[in-house]
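Each chain, written out:
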Amino acid sequence: MHKKFTSLFVALILAGALAACGTASAENTGSSGGTTSAAASSAAKSGTTEGSETTEGSSTKKDEASGSETTAAKGEEETQAVTAVTASGGMIDVSDLFSERDLKQTADTTDAETLTVSDGQDISITKEGVYVISGSASNVTISVEVTDEEKVQLVLDGVSITNETKPCIYVKNADKVFVTTTGTESSLSVTGTFVADGETNTDAVIFAKDDLVLNGQGTLNISSTDNAISCKNDLKVTGGTYNISCSHSALEAKDSISVADGTLNITSCVDGLHAENDDDNSTGQIVLLAGTMNIKASDDAIHATTILQVNGGTYDITAAEGLEATVIQINDGQLSISASDDGINAAKKSDSYTPKVEFNGGYTKVVMGAGDTDGVDSNGDIIVNGGTIDVSGQSTFDFDGTGTVNGGTVIENGTETNTLTNQMMGGGMHGGGMRGGDMQGGADGTMPERPEGTDGSMPEGKGGDMNGGMFQRGGKGGRGMKPGTEE
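Note that this is a predicted model, so its numbers are computed, not measured.

Here the focus is the overall build of the protein chain. When its secondary structure is counted, the protein chain shows four helices and 40 strands. Scored against the burial criterion, the 487 residues of the protein chain give a buried share of 47%. Here the contacts in the protein chain between residues at least 6 apart in sequence split such that 49% fall between residues at least 24 apart.

Structure (structure tokens):
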């Protein structure tokens, strides 16, 4: 009996000690905030696109559980800074896409340095800070070369620069550079053939090797014999008015282009917005949240490699192709597209995604030219969940997968419908005929001799890959680089 009592007593003491240890351990974990679950840690990383500068000038996201209210409040402040910046809906989460400084349309010039441009006198910026630039000059390059952790803000205050062979603004190295316009009008132009900087093909009026943000309250006119603005990382536009004429792309970036607001008037360019990395087809996205774009382009008005997401804004587009990407998602906005090839084209440009066009909201009007053209063309599916899609042309819809109408309004050539008329099913056959009347089924069910290419061979003059006897659209020509140069 004594042994049983002693054993029970020891057991009770051990149980109490273990309970106390467990309580102390839980309290330490909770109070320190240094331990986060793998799921929370993954969520924090996946929602951050700018690393430590996600909420610039504020504490960053460290603990999803304890810091969610603070982060959400900061996010709300940032999204309110520019009209229609919203995190709701869309394949791409935009809640952390822009920092507070990205969205601020005026610069803090308290400690700014003022610079005046002079003919033939380059300006070299080698330390972090804000620089107000004014004056009129020719053959001047403002270069930025600071550390990977430093940011530079260039405030254009009525400056005018005309160069013959080199960029007006050249970002060689930085964490990020802001080009901010005051409430004035500035002009940057290159009139001759660009000359490479060593192995770097500096082929734009504003050429940046690192992240670039365009914002402000004024107007910037850009004229170029090649690209207007080129960024080798992430390019963002959050404010200002930009009047651009060029012979290649108005805005191009390797990783992404994101527009929160502003006005873009683009004329005489090959492409309007172009996001593409020749070495990595898993990048190259475009997100459009608000603003106004008037684009006239000889090729693609807006071209992304992976995802093109439209959450809002007003777009007036005249081009060979209006929108092109692997996945195109229209959640809101007012789009008017006049095209001579495809109005909206989802083609296999990225190995990371399956081609798809999806309408969830907004108003999209597509008017096609005569001939072998498609209003909405997808190498995969076309899905209409909401909004209004109004297409006029010989071929309104063309999809290789399925065409589904779950909601919204679909108008084909003036007639409202609840189905999508596919102009090319199963390699071109639809209702006994080929698109464009190339092949008509006989009344007795027989088929006449097939034209060139329908036996799986490549017809003359058609680019692209073969996919089960069906032609996918080929590229419109490589984006070539000068020999021995780095794009």
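Per the counting criterion, the structure on display carries one disulfide. Cys246 shares a disulfide with Cys269; S-S distance 2.2 Å. Across the S-S bond linking Cys246 and Cys269, the dihedral sits near 135°, which makes this disulfide right-handed. With a gap of 23 residues between them, Cys246 in the loop between β16 (241-245) and β17 (249-253) and Cys269 in strand β19 (residues 263-269) connect regions that are remote in the sequence. When sorted by exposure, Cys246 lands in the same class as Cys269, which is buried.

Our focus in this paragraph is the sheet that holds β17. The 12 strands lie next to each other as β2-β5-β8-β11-β14-β17-β20-β23-β26-β29-β31-β33, forming an open sheet whose pairing is parallel. Only two strands of the sheet have a single partner each, and these edge strands are β2 (123-125) and β33 (397-399). Going across the sheet, the axis of each strand differs from the next one's by a mean of 10°, ignoring polarity. In this structure, strand β20 (residues 271-275) lies alongside strand β23 (residues 300-304), joined through three bridges in parallel fashion. Residue pairing across strands places His274 opposite His303, the latter belonging to β23.

This part is about the pattern of salt bridges. All told, the structure shown has eight salt bridges when counted by the stated rule. A salt bridge links Asp102 to Lys236; the shortest N-O distance between them is 3.5 Å. You can see Asp102 sitting in helix α4 (residues 100-103) and its partner Lys236 sitting in strand β15 (residues 234-237), a full 134 residues away along the chain. The two residues Asp102 and Lys236 agree in class, both being buried. Linking Lys166 and Asp122 is a salt bridge whose minimum nitrogen-to-oxygen distance equals 2.9 Å. Note that Lys166 is positioned in the loop between β7 (160-163) and β8 (169-173) and Asp122 in the loop between β1 (113-116) and β2, a separation of 44 residues in sequence. Looking at Lys166, the relative accessible area reads 24%, which means it is partly exposed. By sharing partners, the salt bridges in this structure join Asp102, Lys176 and Lys236 into a single network.

Looking at the secondary structure, you find Asn227 in strand β14 (residues 227-231). Here Asn227 falls in the buried class, since its relative accessible area comes to 2%. Non-local contacts of Asn227, meaning those with residues more than four positions away in its chain, are made with Asp203, Ala204, Val205, His248, Ser249 and Glu252.

A word on the pairing of strand β9 (residues 176-181). Summarising burial for β9: six of the six residues are buried, a large majority. Residues Lys176, Phe178 and Thr180 of β9 are buried on one face, and the alternating residues Val177, Val179 and Thr181, pointing to the opposite face, are buried as well. In terms of strand pairing, β9 meets strand β12 (residues 211-216) through six bridges, oriented parallel. Each bridged residue has a counterpart across the sheet, and for Val177 the counterpart in β12 is Leu212.

By size, the foremost hydrophobic cluster in this structure holds 85 residues, and its most contacted members are Ile244, Leu273 and Ile302. With sequence-adjacent residues up to four places away left out, Ile244 is seen in contact with Ile222, Ala228, Ile229, Ala250, Leu251, Asn265, Ile266, Thr267 and Cys269. Ile92, Leu97, Phe98 and Leu103 belong to the second largest nonpolar core, which has 10 residues in total.

It is worth spelling out the confidence of the model for the protein chain at this point. For the protein chain, per-residue confidence averages 79 on the pLDDT scale, and 69% of positions sit at 70 or higher. Across residues 1-84, where pLDDT falls below 50, the model places 60 contacts with residues more than four positions away in sequence or in other chains. Within the model, the stretch residues 425-487 combines pLDDT values under 50 with 100 contacts to residues more than four positions away or in other chains.

What follows concerns the pairing of strand β5 (residues 142-145). With three bridges joining them, β2 and β5 adopt parallel strand pairing. Residue pairing in the sheet places Ser124 in a bridge with Ser143 of β5. Here β5 runs beside β8; their pairing, made up of four bridges, is parallel. Directly across from Ser143, in β8, lies its bridge partner Tyr170.

Right, let's get into unusual backbone geometry. As a rule of thumb, non-glycine residues mostly have phi less than zero, and peptide bonds are mostly trans rather than cis. You will see that Asn139, though not glycine, has its phi angle at about 55°, which is positive. Structurally, Asn139 is set in the loop between β4 (136-138) and β5. You can call Asn139 partly exposed: its relative accessible area is 28%. The phi dihedral of Asn413 is positive, around 50°, even though this residue is not glycine. Along the chain, Asn413 turns up in the loop between β35 (409-412) and β36 (415-417).

About the thresholds
- Residues numbered from 1 in each chain as written.
- Predicted model: local features only at pLDDT ≥ 70, side-chain atom pairs only at ≥ 80, totals over all residues.
- Heavy atoms only, no water.
- Helix = DSSP H or I, 4+ residues; strand = E, 2+ residues; numbered from the N terminus.
- Buried < 20%, exposed > 50% of the residue type's maximum accessible area, 1.4 Å probe, protein only.
- Contact = heavy atoms within 4.5 Å.
- Disulfide = S-S within 2.5 Å.
- Pairing = 2+ DSSP bridges.
- Axes fitted to C-alpha atoms, helices over the stretch in contact; angles between N-to-C directions.
- Salt bridge = Lys/Arg side-chain N within 4 Å of Asp/Glu carboxyl O.
- Core = buried A, V, L, I, M, F, W, Y, C linked by side-chain atoms within 4.5 Å.
- pLDDT = per-residue confidence, 0-100.

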